[in-house]
Every structure is written in structure tokens, then in C-alpha cells.
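# Structural overview
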Amino acid sequence: MLIGLVRDSVMQCFCHSCRAPVLPAAHRRSVPVKKAAGKPRTKQPKKVKFITTEIRCQEMSKGGLAYEVILAEPVGVPVPRRADSPEKTPSVEEIQEKLKAAEERRRSLEASKMAAIAQKMQKIEDASRIRSEQTNNFIVATKEALDAKMDSHEEKREAYINELRARLKDHLEGVEKTRLTLEQQTAEVYKAIEDKMNTAADKRDENIKKMLERLREHEEQVRKVRAGNQERFQQLESAIQDKLQQAADRRLQIEAEQREKLRNHERRAELVRQNKSARAESEAPTSG
């Protein structure tokens, strides 16, 4: 409330003698107030307006101001009454003049309305024209930007494709060099393998010849050893036969000697038995 009073009192005179009422602000809107159905029970006090008598300004800090508003005593503002005008009967001329003035006011109002409508239509046309110009300018600028972007993209794509082609060309050249190197190395390896195979074949033939020679020598040696062994076998067989014959003769001789000893032993035993029996016979009569 105080802020509204200060804002409304700025337009008044700042002298102490002026008691002019506060003018209503132009920007305020009148709010309809609903009237009560019956009379109020209590008498409402009259609205009192505060009129500013003095405003003091003081700098409180750097870059800041403080305002002090001093209000005067409340004063009731009387509502001016309109004086009663005497009744007057208008004449025909006055009525015609009023009608003419009303017609002129109506035409002027219609003209002002048509002018306002024309002005609005002009503004709408200008806005539409400006909007179409802005749209066209935007379309042109967008098209130019898009064309520039497409050109840049096309250039970048061409540069990228050329770079890829150069890389692919370098790669193919490297692959071709590698292939030729591999082919050369493969040919050298094949040649070395063929030389080794030829050398191995020659050595194999020589080794086969040496082995055949060794086999022939071994067979000759085996034949000689076999012949010597056969002779030894024959000698051993004849010696074994001689030994077997000698052993058989010795066995027969030993058997004959054993038989002779056995016969002699039997003869001795018979003599001993005869002697014992004779001695016994000789001793028997003596005892009788």
C-alpha cells in the first residue's frame, strides 16, 4: 500500500501548501465491486488519501540511495457536485445540427476505423511481406550453406577417395613387390631343393654301390666263415665221436672190472661163509 501511495504521489507538487487530490493512475483498471443486497450494519469510514509533503534522499552506500517519505495528516477529499442545469427545449435546427454532427462523427469514426483497418491490413501485408522476404532469405541462405556444405563434402569425399586410391595403389605395389620377392625366393628354394635332391641322388647311388660292395664282401666273408665253421663242425663231430667211442669203451671196461670185482667179492663172501660154517661145525662137538 505504501509503495502504491509513493508511486501515485510522485506526480503531485512537493510544496507544503498544495492539497490537490491524488489523480488515479492511467494504467490501473477499475475492478467492479459487488454491492451488498442489504444495508450494512455499521457505517463504513470514508477513504482517506495520504498526500506526500516531503521526500528526502540520502546516499547510504556506494551506488545506492535511500528515500524517506514523510506523509502529511490525513485529509478528507470532498467529492465535487455537478450543478443542476436548467431544462431547455431544443429546436429543430439544433436537432438537425446535432444529427449532422452525429453523422459527421459517425463518418469520422467509420473513416478512422477504416483507416485503422487499412493500417492494420498494411501492417499485416508488411509483416507478411517481411516474413516472406525473411523466409526467402532464409531459404536462399540455407540453400547457399547447403550448397557450400555439399561442395565441401564433395571435395572432402574426392580427397578421401583419391587418398584411398593412392593408399590402395601403394598397397598393390607393395603386394606385387612381395609377390615377386616370394616367387624369386620360391624359385631359389626349388632350385636349392633340386640341387640337394640331385646331390642326394648321386650320394644315394654311391651309397647303394658301396652298400652292395659291402654286402658282397659280407657274403664272401659269411661264405668263408660258414666254410670254416663247417670244417670246424666236422672236426668237432669227429672228435665228439671219438670221445663218445672212448667213453663207451671205458664204460664197458669199467663194467667188466666191476663185474670182476663183484665176482671176487661174492667168492670172498662164499669163502667167509664156508669158513664160518666150518668153524661152527668144528666147535659144536667140542661143546657136546
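Residues numbered from 1 in each chain as written. Predicted model: local features only at pLDDT ≥ 70, side-chain atom pairs only at ≥ 80, totals over all residues. Heavy atoms only, no water.

A few words on the overall build of the chain. What the chain contains, in helices and strands, is two helices and two strands. When the helices and strands of the chain are placed in sequence order, the string is α-β-β-α. Scored against the burial criterion, the 288 residues of the chain give a buried share of 3%. Sequence separation of at least 24 residues holds for 37% of the intrachain contacts in the chain that already meet a minimum separation of 6. Surface summary for the chain: the accessible area is close to 27800 Å², and the carbon and sulfur share equals 57%. (Helix = DSSP H or I, 4+ residues; strand = E, 2+ residues; numbered from the N terminus. Buried < 20%, exposed > 50% of the residue type's maximum accessible area, 1.4 Å probe, protein only. Contact = heavy atoms within 4.5 Å. Areas by Shrake-Rupley, 256 points an atom, 1.4 Å probe, with all protein chains shown as cover.)

A few words on the pattern of salt bridges. On inspection of all chains with the given rule, the structure shows 15 salt bridges. Here glutamate 260 and arginine 263 are joined by a salt bridge, their closest N and O atoms 2.7 Å apart. One end of the pair is glutamate 260 and the other is arginine 263, both in helix α2 (residues 92–287) and three residues apart, which spans about a single turn. Judged by relative accessible area, glutamate 260 falls into the partly exposed class, the value being 35%. Arginine 263 sits in the partly exposed class, given a relative accessible area of 37%. Bridged by salt links that share partners, the residues Glu103, Arg106, Arg107 and Glu110 form one connected network. (Salt bridge = Lys/Arg side-chain N within 4 Å of Asp/Glu carboxyl O.)

What follows concerns a nonpolar patch on the surface. There is a patch of nonpolar side chains on the surface, built from Met114, Ile117, Met121 and Ile124 and spanning about 410 Å² of accessible area. Position of isoleucine 117 relative to the elements: it lies in helix α2. (Patch = residues over 30% accessible without salt bridge, like charges linked within 9 Å, V, L, I, M, F, W, Y side chains within 5 Å.)

What follows deals with a negative patch on the surface. Side chains of Glu144, Asp147, Asp151 and Glu155 sit close together on the surface and give a patch of like negative charge. Topologically, aspartate 151 is positioned in helix α2. With relative accessibility at 48%, the residue aspartate 151 sits in the partly exposed group. (Lys, Arg positive; Asp, Glu negative; His and termini not counted. Charge placed at Lys NZ, Arg CZ, Asp CG, Glu CD.)

Attention now moves to the confidence of the model for the chain. Looking at the chain as a whole, its pLDDT mean stands at 77, while 67% of the residues score no less than 70. Ranking the elements of the chain by mean pLDDT puts helix α1 (residues 2–9) last, at 55, and α2 first, at 88. Below pLDDT 50 for its whole length, residues 13–17 participates in six contacts with residues either more than four positions away or in separate chains. Note that residues 19–31 has pLDDT below 50 and, in this model, 15 contacts with residues that lie over four places away or in other chains. (pLDDT = per-residue confidence, 0-100.)

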